[in-house]
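# Examining the three-dimensional arrangement
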Amino acid sequence: MTLSGWKYCRTRMGNVSQFSGRIAVDGRVRRLLQHFLHDQSGSYVLVVALMMPVLLGSAGLGTEAVWWLYKHKNMQSAADSGAVSAATAGTNLTNQANSVTASYGYANGVKNVTVTVNQPPTIGNFTKNSGAVEVIVSQPQPRLLSALFGTGDVPITARAVALSNPGTDCVLALNRTASSAVNMSGSNTLNLAGCNVVSDSNASPSLSVGGSATVTVNQALAVGTISGTITATNGIRTGIQPVLDPYGPPPATPSPCDSKNYTFNPSGKNPALSPGDCYAGSITVNGGATLDLTPGIYYLYGNKGGLSVQGGATVICSTCTGGQGVTFVFTGSSKDGWASATIASSANVNLTAPNSGPTKGIVFYGDRNMAVGTAFSLEGGGSQVITGAIDLPNASLKFAGSSGTSTPCTQIIADTIQFTGASSVQVNCQGVGTKSIGVQTAQLVE
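Quantities reported herein were computed from a predicted structural model and do not represent experimental measurements.

Attention shifts here to the overall build of the chain. When you go through the chain residue by residue, the secondary structure sums to three helices and 30 strands. Scored against the burial criterion, the 446 residues of the chain give a buried share of 45%. The long-range fraction of contacts in the chain, counting pairs at least 24 apart against all pairs at least 6 apart in sequence, stands at 60%. For the chain, the exposed surface amounts to about 21,700 Å²; the carbon and sulfur share of it is 55%.

Pasting the structure below:
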């Protein structure tokens, strides 16, 4: 091979080597690129990076939602308390509600808090009831991480409505299940001047008015339903919580008990009764006769005893002055039965409760162990004036009281109550010594 041929061969061989090298390099690059494209290790980093705003926003929204729920719960407590307090106060409603909500950390006008008080409410079931008070508390909450999903503050609002009990309860039936636990029928009339009638029964009806009976009250309240026509100055409410008897048990009965029967007649010498004694025999006051009692407590024991006042008879306490008064305690046992009382129509009864001592404020007091349904009939009508409480929690009571306004203070508490005749009851009880029935004067209704 000539020299020029050798040079030509070297040149061609060098070009082949370079070309082969390029082919090898291109293959490696291709393989690396294919490997990179098919390699899934580390791809979660990209996914997490892409989802991070969503994850952070969701976590922020969940945390803030819990905070908003907490704020609403606390705000609702403020609205509830503010409404009840304002309804109870009856005056300066806005100031009263603002004072209460501020104690929960929601002062009107501070930190964008708004407290609105309306009487009556602007919405709901009590828009026409002047005794209802509506309190609305609101405070916008700033967004944090949840701003990824929306703009502007989040409004948090709580609303409550409380209904006031403007008058004092003066008639209370304690039976929890009896149908028509408070009943008025026929052509009778009942006027509760400025006070309320309450039935604790959950029956339908719990309180009933039938026939052509006329009933005028401040409020009619019942755990169950109310049937019939009632004129109620401040409304009719059902579904209330039961109201409790404010009085405790009467004092212990002294012993032994006198088992003689005592009868009072219009003529002749009549016996005398002594306060503090126990009488197991009957006490009967016939028409035309007068029983003039001495101030104090009289205990009547067993079903052979009790008090019977006939039509035209008179029972008074002429020496009851300066807060002195008379209390009849009706008691007995499961063996001997239970004493009761009957006051007939047109009987002249004028008794006032003592305003001190163990029977303060009470004229007729029933043993708490008395058989439920023990019959009492206090139907003296217009000439029956009882100033104080009739507290017979287990009695089935028929009542007809004064039809006028001569009795400024009468409370009637029994297991069940049936009104007969014409009755008017008031609770102007200052100085009489009675306790208030239904201490709570306002209740949440919305």
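Let's shift gears to the sheet that holds strand β29 (residues 422-426). Ordered by their spatial adjacency, four strands build an open sheet running β12-β9-β6-β29, and the pairing between neighbours is parallel. Edge positions in the sheet fall to β12 (231-232) and β29, since each has one partner strand and no second. Here strand β9 (residues 214-217) runs beside β12; their pairing, made up of two bridges, is parallel. Looking across to β12, one finds that T216 is bridged to T231.

Take the nonpolar core next. By size, the foremost hydrophobic cluster in this structure holds 67 residues, and its most contacted members are F328, F330 and F364. Among the elements that line this core, the one with the most residues is strand β27 (residues 384-399), at six residues. Not counting residues up to four positions away in its chain, the partners in contact with F364 are L307, F328, F330, I343, L378, I386, A389, I390, D391 and L392. One finds A86, A87, V154 and A442 within the second-largest nonpolar core, a separate group that totals 22 residues.

This part covers the state of the cysteines. Within this structure, the stated rule accounts for four disulfides. Here C257 is linked by a disulfide to C278, with a sulfur-sulfur distance of 1.8 Å. Residues C257 and C278 share a disulfide whose torsion about the S-S bond is about 80°; that sign makes it right-handed. With C257 in the loop between β13 (236-238) and β14 (262-264) and C278 in strand β15 (residues 278-279), this pair connects stretches of sequence that are 21 residues apart. On the basis of relative accessible area, C257 is assigned to the partly exposed category, the value being 26%.

Here we take up the sheet that holds strand β3 (residues 154-164). Pairing within the open sheet is antiparallel, and its four strands lie in the order β1-β2-β3-β30. Both outer strands of the open sheet, β1 (114-118) and β30 (442-444), are each paired with one neighbouring strand and no more. In this sheet, adjacent strand axes meet at a mean angle of 25° when their direction is disregarded. Note: β3 against β30, three bridges, orientation antiparallel.

Moving on, we come to the side chain of N175. With respect to the helices and strands, N175 occurs in the loop between β4 (168-173) and β5 (182-184). Separated by 2.8 Å, the side chain of N175 and the backbone nitrogen of A178 make a polar contact. A distance of 3.0 Å separates the side chain of N175 from the side chain of D415, its partner in a polar contact. Ignoring anything within four residues of it in the chain, the contact list for N175 reads D200, S201, D415 and T416.

Before going further, it helps to examine the pattern of salt bridges. When the charged atoms of two side chains with opposite charge come close together, those side chains can pair. Within the structure shown, the criterion is met by four salt bridges. Notably, a salt bridge pairs E134 with R159, separated by 2.6 Å at the nearest N-O pair. One end of the pair, E134, is in strand β2 (residues 132-141); the other, R159, is in strand β3, and 25 residues separate them in sequence. Between R159 and E446 there is a salt bridge, with its nearest N and O atoms 2.9 Å apart. With R159 in strand β3 and E446 in the segment after β30, the pair connects residues that are 287 residues apart, well separated along the chain.

Among the 16 residues that make up β27, 14 are buried, leaving the element largely enclosed by the rest of the structure. Two elements, strand β24 (residues 348-352) and β27, share four bridges in a ladder whose sense is parallel. Residue L351 lies in a different strand from β27, and its bridge partner there is I386. As judged from the three bridges shared by strand β25 (residues 362-366) and β27, these two strands associate in the parallel manner. From the neighbouring strand, Y365 faces β27, where its bridge partner is D391.

Under the counting rule described, the total for this entry stands at seven aromatic pairs. Relative to F328, the ring of Y298 has its centre 5.7 Å away and its plane inclined at 40°; by these criteria the two rings are tilted. Of the two residues, Y298 is situated in strand β18 (residues 296-301) and F328 in strand β21 (residues 326-333); the sequence distance between them amounts to 30 residues. Given the relative accessible area of 1%, Y298 is considered buried. Relative to F330, the ring of F328 lies with its centre 6.4 Å away and its plane at 35°, an arrangement referred to as tilted. Of the two residues examined, F328 and F330, each falls in the buried class. An aromatic cluster of three or more residues is present, and its members are Y298, F328, F330, F364 and F376.

The rules we used
Residues numbered from 1 in each chain as written. Predicted model: local features only at pLDDT ≥ 70, side-chain atom pairs only at ≥ 80, totals over all residues. Heavy atoms only, no water. Helix = DSSP H or I, 4+ residues; strand = E, 2+ residues; numbered from the N terminus. Buried < 20%, exposed > 50% of the residue type's maximum accessible area, 1.4 Å probe, protein only. Contact = heavy atoms within 4.5 Å. Areas by Shrake-Rupley, 256 points an atom, 1.4 Å probe, with all protein chains shown as cover. Pairing = 2+ DSSP bridges. Core = buried A, V, L, I, M, F, W, Y, C linked by side-chain atoms within 4.5 Å. Disulfide = S-S within 2.5 Å. Axes fitted to C-alpha atoms, helices over the stretch in contact; angles between N-to-C directions. Polar contact = N/O pair within 3.5 Å; in protein donor to acceptor, adjacent residues only side chain to side chain. Salt bridge = Lys/Arg side-chain N within 4 Å of Asp/Glu carboxyl O. Phe/Tyr/Trp six-rings, centres within 6.5 Å; stacked < 30°, edge-to-face > 60°.

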